[in-house]
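For reference, the chains in residue letters:
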Amino acid sequence: MNQFNTGISFAKEQDALDPLKNFRDQFHFPKIDGKETLYFTGNSLGLQPKITEKYIKEELDAWKNLGVEGHFHGKRPWMHYHKFTKNHLAAVVGARPSEVVSMGSLTSNLHQLMVSFYRPSKKRFKIIVEAGAFPSDQYLFETQLKFHGIDPKEGLIELQPEKGKEILSTKSILASIKANQSELALVLIGGVQYYTGQLFDIESITRAGHEAGAMVGFDLAHAAGNVPLQLHEHGVDFAAWCTYKYLNAGPGSVAAIFVHEKHGENFDLPRFGGWWGNKEDERFLMKKGFQPMTGADGWQMSNVNVLPSAALLASLELFHQVGGMAPLREKSLKLTAYMEWLIDNWINDEKALVDIITPRDPKQRGAQLSLVMNQEGKKVFKALNNANVIADWREPNVIRVAPVPMYNSFQDVFTFCAILKNTLSS
Ligand SMILES: *Cc1c(COP(=O)(O)O)cnc(C)c1O
């Protein structure tokens with residue numbers, strides 16, 4: 001028995017049954033020439049929640065009406081603003097509130113965390129990463145190694161998929177960790193790979209890294225808000241992510257970090273300090289001697305980026321209202337499987353026009369599917385654009401699409417596949 005079919009009535013039925021259907025209306029969908037677009041790039045920039053404006057306006061008003069006093073007065077005093085995002089942020093990534101803090105931006109946060117968690121010695125200095133990592137991460141690895149006087153060719157182990165494969169098997173990742181255990185200092189991998197959409201086995205990788213005597217961190221740019229995570233439970237040492245992708249906090253918004261509780265009171269870990277990471281009760285005494293706060297808070301540097309934090313708070317409010325990552329994941333599994341099914345059975349009914357490089361196993365992926373256009377990819381992508389579809393093009397022939405469970409519908413997926421099918425057969 002098949003759970004899907006190719007009729008639009010099926011999509012309409014699913015939307016009517018969807019317990020999250022009302023959340024779509026909480027977002028602004030971009031328009032082209034007055035016509036609403038089909039938006040499938042929540043993996044790149046999440047849509048704007050309608051309540052975001054109100055949250056930012058509140059802080060603009062506080063600034064307007066209170067000036068510097070806004071740090072201490074008003075509805076949400078700026079001095080404490082990073083605390084307001086903590087509980088919901090912790091829920092999204094499966095952490096304790098003290099293990100997370102919103103701050104800075106993703107790449108600089110990773111650099112900063114590597115100061116503490118990448119401590120190469122003569123013997124143990126290698127870093128295991130996935131090959132084809134996001135460019136910013138590649139520059140991060142290269143320049144961190146050089147900073148420590150290590151030749152990236154010596155220090156970096158880039159895991160390649162087996163010949164003819166697009167994705168890394170967990171088995172091969174674990175084997176590489178084991179094979180390098182005497183020289184391994186750090187494993188730092190993306191939670192969900194930005195290009196293929198592969199969700200890595202965070203629990204097994206973390207365990208293997210620890211068995212090898214290494215630290216284990218994750219770049220969760222494409223995982224946070226996309227898939228349920230259990231960073232605390234899985235014993236991950238540290239992680240960082242941006243909030244403008246699945247977390248809908250707006251372009252370049254404030255990012256966030258996770259530092260496991262087991263390191264939260266380790267004040268011997270080297271770190272780069274700033275006043276916001278210093279003990280709160282002595283922060284304004286301007287005393288000599290940096291005394292870090294316990295938990296993730298002790299990695300803060302600067303005072304809070306209040307306006308983007310307001311946008312983050314607004315969007316986290318929706319993650320809370322929706323009931324957390326479990327209901328989102330439940331819908332996401334259906335939505336992405338539906339798109340996969342339509343591609344396999346409707347678009348490719350006669351000929352393999354589109355290949356999917358994202359893992360077929362739903363446990364190894366999030367919302368995103370990465371589609372290889374087997375013919376005239378660029379032309380197909382242009383045609384999609386002309387049909388008001390916003391998707392993402394990656395050279396040489398990949399279109400990434402992410403049906404986002406918070407605001408995409410089954411009808412969105414149906415319409416996208418109908419347009420793609422039409423384009424490919426014309
Ligand atoms: C989006 C993304 C980034 C972006 O980094 P910024 O510092 O926010 O510009 C970095 N790494 C990965 C894996 C990403 O997907």
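Residues numbered from 1 in each chain as written. Predicted model: local features only at pLDDT ≥ 70, side-chain atom pairs only at ≥ 80, totals over all residues. Heavy atoms only, no water.

K.L.:
Would you mind going over the pattern of salt bridges with me for this structure?
P.N.:
Side-chain pairing between opposite charges can occur once the charged atoms of the two side chains come close. Scanning all chains against the criterion turns up 25 salt bridges. The closest approach of N and O atoms between Glu340 and Arg360, which form a salt bridge, is 2.9 Å. Of this pair, Glu340 sits in helix H12 (residues 325–347) while Arg360 sits in the loop between strand S13 (354–356) and strand S14 (369–373), and the two are 20 residues apart along the sequence. Relative accessible area serves as the criterion here: at 11%, Glu340 is assigned to the buried category. Arg365 is the partner of Glu340 in a salt bridge, and the nearest nitrogen-oxygen pair spans 3.0 Å. Here Glu340, found in helix H12, pairs with Arg365, found in the loop between S13 and S14; they are 25 residues apart in sequence, far enough to count as distant. Taken together, the shared-partner salt bridges connect Lys54, Glu58, Lys75 and Arg76 into one network. (Salt bridge = Lys/Arg side-chain N within 4 Å of Asp/Glu carboxyl O. Helix = DSSP H or I, 4+ residues; strand = E, 2+ residues; numbered from the N terminus. Buried < 20%, exposed > 50% of the residue type's maximum accessible area, 1.4 Å probe, protein only.)

K.L.:
Even after reading the chapter, I still don't get the packing of helix H4 (residues 86–93) against helix H11 (residues 306–321), so can you show me in this structure?
P.N.:
How two helices sit against one another is set out by the angle between their axes and by the gap between those axes. Here H4 crosses H11 at 55 degrees, and the two axes come no closer than 9 Å. Viewed along their axes, H4 and H11 adopt a mutual orientation that is oblique. The way H4 lies across H11 gives a crossing that is left-handed. From H4, His88, Leu89 and Val92 reach across to H11, where they touch Leu316, Glu317, Phe319 and His320. When its residues are assigned to classes, the contact of H4 with H11 shows four nonpolar, two polar and one charged. (Axes fitted to C-alpha atoms, helices over the stretch in contact; angles between N-to-C directions. Parallel < 35°, antiparallel > 145°, perpendicular 65-115°, else oblique. Left-handed = near helix turned anticlockwise from the far one by under 90°. Contact = heavy atoms within 4.5 Å. Nonpolar A, V, L, I, M, F, W, Y, C, P; charged D, E, K, R; others polar.)

K.L.:
How should the packing of aromatic side chains be read in this particular structure?
P.N.:
Any pair of aromatic rings gets described here by the distance separating the centres and the angle formed by the planes. A full pass over the atoms with the stated rule returns 18 aromatic pairs. With a centroid separation of 5.6 Å and 40 degrees between ring planes, the pair formed by Phe4 and Tyr338 is classed as tilted. Of this pair, Phe4 sits in the segment before helix H1 (8–17) while Tyr338 sits in helix H12, and the two are 334 residues apart along the sequence. Accessibility classification places Phe4 together with Tyr338 in one group, the buried group. Their ring planes at 90 degrees and their centres at 6.0 Å tell us that Phe29 and Tyr407 sit as a pair that is edge-to-face. With Phe29 in the loop between strand S1 (27–28) and strand S2 (31–32) and Tyr407 in the loop between strand S17 (398–401) and helix H14 (410–425), this residue pair connects regions lying 378 residues apart in the sequence. (Phe/Tyr/Trp six-rings, centres within 6.5 Å; stacked < 30°, edge-to-face > 60°.)

K.L.:
I tried to follow the sheet that holds S13 on my own but got confused; where do I start?
P.N.:
In a beta sheet, neighbouring strands are held together by backbone hydrogen bonds and run either parallel or antiparallel to one another. An order of S13-S14-S17-S16 is seen for the four strands of this open sheet, with the pairing classed as antiparallel. Here the strands that pair on one side only, and so sit at the sheet edges, are S13 and strand S16 (392–394). Taken pair by pair, the neighbouring strands of this sheet meet at an average axis angle of 30 degrees, ignoring direction. Here three bridges tie S13 to S14, and the two strands are oriented antiparallel to one another. Pairing of Ile356 across the sheet is with Leu371, part of S14. Taken strand by strand, H14 contacts S13, S14 and S17, and its axis lies near 10 degrees from that of S14. (Pairing = 2+ DSSP bridges.)

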